[in-house]
Amino acid sequence: MTVYKSDRLIYLALYKLIKYLYSSIRNFPKEYKYSLGQEILSLAWRTLDLVMVANTLENTKKHRYITKALTTFSCSNRGSI
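Counting starts from 1 at the beginning of each chain's written sequence and moves along it residue by residue. With pLDDT at 70 or above as the cut-off, local features in this predicted model cover only qualifying residues; side-chain atom pairs require 80 or more to be listed or tallied, and sums for whole chains, interfaces and linings still use all residues. Processing note: side-chain calculations cover all non-hydrogen atoms of the structure and skip hydrogens and water entirely.

So, the nonpolar core
- Listed in full, the 10 residues of the largest apolar core are Leu14, Ile18, Leu21, Ile25, Leu41, Ala44, Leu48, Leu50, Val51 and Ala69.
- Think of it this way: any DSSP run of H or I at least four residues long counts as a helix, any run of E at least two long counts as a strand, and we number them from the N terminus. Taken together, the elements giving at least two residues each to this core come down to helix H1 (5–25) and helix H3 (36–56).
- When residues in this core are grouped by element, the largest group, five residues, is from H3.
- Any two residues whose heavy atoms approach within 4.5 Å are treated as being in contact. Leave out the neighbours within four places in its chain, and Leu41 touches Ile18, Leu21, Tyr22 and Ile25. To qualify as a nonpolar core, a set must consist of buried Ala, Val, Leu, Ile, Met, Phe, Trp, Tyr and Cys residues joined through side-chain atoms within 4.5 Å. Three exposure classes are used, based on accessible area relative to the maximum for each residue type with a 1.4 Å probe and protein chains only: buried under 20%, partly exposed in between, and exposed over 50%.

What follows is the structure in structure tokens.
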């Protein structure tokens with residue numbers, strides 16, 4: 001599998017996002033740090049997982065995982081907001 005520069009940019013952007021989230025969540029009030037903070041981190045890691053899986057698939061099969069990755073942070077996925 002060849003890793004192209006654009007693939008590395010996606011991984012780098014998600015890595016920076018996750019790093020930023022960890023530092024931001026550390027400053028959340030205690031009542032939100034372990035509920036909302038953990039959910040945000042889980043969504044970020046899930047997005048990275050989906051991008052990695054999509055990157056390993058043939059082009060014809062990537063759409064499903066890319067769509068999931070794009071909608072991971074969507075409010076419609078979370079039910080109540």
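Re the environment of Ile10
- Considering the arrangement of structural elements, one finds Ile10 in helix H1.
- The sequence separation of Ile10 and Val51 amounts to 41 residues, and the corresponding C-alpha distance is 8.2 Å.

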